[in-house]
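# Results of the structural survey
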Amino acid sequence: VAASLCAEGWTQLDPPAGLGAAAGQRAIPARPPPAGCFWLDPHVPALLVLPPLTELHQHALVASHALILQDKASCLAPAALQPRAGEAVIDCCAAPGNKTTQLAALSGGGGLVIACERDARRAGVLRRRAADAAGASVR
C-alpha cells in the first residue's frame, strides 16, 4: 500500500520525534504529517498515518480492500493481541468489521477469526466487510 501511494506522488516520511517517551521507547509524534505525506505509525504495525481530513473513501486501494480506513484506537486491540499465523481468535461485538479484518490480516492466511455480532443489521455489514477484505479466514 505504501509503495502504491508513493507511486501516486505521496511522500513517505519517518515519524518525527514525539512527546513523552523515555529512552528506548517510541513516542507519539507531536504533529501529524504534512499534506501529501504519510508515515508508518510507531506503535501499530502496518498502520499508515495520514494528514488530518485526508479523503480516501473513493480511492482504488480502499475500493479493492487493500487499504481499510480506521482510526488508531480501533487498531490497538488487534496490535496488542498480536495473533500468530494459524491461531484462532474470537472477536465479540465484531461489527462493523475493521478490527476483525485487521485480526485476520495479522494472523496470516492460516488463521481463523470467529466474529460475533448480536445486532442483525450490523452483522450484515460485518459479513460483507469480512467477505470483501478477509475471505475465508473470518467466520
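If you're wondering where the values come from, they're calculated on a predicted model, not measured in any experiment. (Residues numbered from 1 in each chain as written. Predicted model: local features only at pLDDT ≥ 70, side-chain atom pairs only at ≥ 80, totals over all residues. Heavy atoms only, no water.)

### Notes on the overall build of the protein
Each helix and strand counted, the protein has 5 helices and 7 strands in total. Listed N to C, the secondary structure of the protein is α-β-β-β-β-β-α-α-β-α-β-α in terms of helices and strands. Expressed as a percentage of the 139 residues in the protein, the buried residues total 34%. Counting contacts in the protein only where the partners sit at least 6 residues apart, residues at least 24 apart contribute 52% of the total. By element, 57% of the accessible surface of the protein is carried by carbon and sulfur atoms, the whole surface being about 8,400 Å². (Helix = DSSP H or I, 4+ residues; strand = E, 2+ residues; numbered from the N terminus. Buried < 20%, exposed > 50% of the residue type's maximum accessible area, 1.4 Å probe, protein only. Contact = heavy atoms within 4.5 Å. Areas by Shrake-Rupley, 256 points an atom, 1.4 Å probe, with all protein chains shown as cover.)

### Considerations on the pairing of strand β4 (residues 37-40)
Pairing between strand β1 (residues 11-12) and β4: 2 bridges, direction parallel. Pairing of Thr11 across the sheet is with Cys37, part of β4. Pairing of β4 with strand β5 (residues 48-49), which is carried by 2 bridges, proceeds in the antiparallel orientation. Opposite Trp39, over in β5, you have Val49 as the bridge partner. (Pairing = 2+ DSSP bridges.)

### Let's talk about the side chain of Asp91
Tracing the sequence through the fold places Asp91 in strand β6 (residues 88-91). For the buried Asp91, no salt bridge exists, and the shortest N-O distance to an oppositely charged side chain is 6.6 Å, to Lys99. Within the structure, the side chain of Asp91 is placed 2.6 Å from the side chain of Thr100, a separation counted as a polar contact. Aside from chain neighbours lying at most four places away, what touches Asp91 is Lys99, Thr100, Leu103, Val113, Ile114, Ala115 and Cys116. (Lys, Arg positive; Asp, Glu negative; His and termini not counted. Salt bridge = Lys/Arg side-chain N within 4 Å of Asp/Glu carboxyl O. Polar contact = N/O pair within 3.5 Å; in protein donor to acceptor, adjacent residues only side chain to side chain.)

### Things to note about the nonpolar core
Val89, Ala94, Ala95, Leu103, Ala104, Val113, Ala115, Leu126, Ala130 and Val138 form the largest nonpolar core, which has 10 residues in total. Listing elements by their share of this core, those giving two or more residues are α4 (98-106), β7 (112-115) and α5 (120-133). Counting 9 residues, the second largest nonpolar core, distinct from the first, contains Trp10, Phe38, Leu48 and Val62. (Core = buried A, V, L, I, M, F, W, Y, C linked by side-chain atoms within 4.5 Å.)

### Regarding the packing of α4 against α5
Look at α4 against α5: their axes get within 9 Å of each other, and the N-to-C directions meet at 30 degrees. Looking at the two axes, α4 sits roughly parallel to α5. The interaxial crossing formed by α4 with α5 has right-handed handedness. Taken together, the residues of α5 that come into contact with α4 (itself represented by Asn98, Thr100 and Thr101) are Leu126, Arg129, Ala130 and Ala133. (Axes fitted to C-alpha atoms, helices over the stretch in contact; angles between N-to-C directions. Parallel < 35°, antiparallel > 145°, perpendicular 65-115°, else oblique. Left-handed = near helix turned anticlockwise from the far one by under 90°.)

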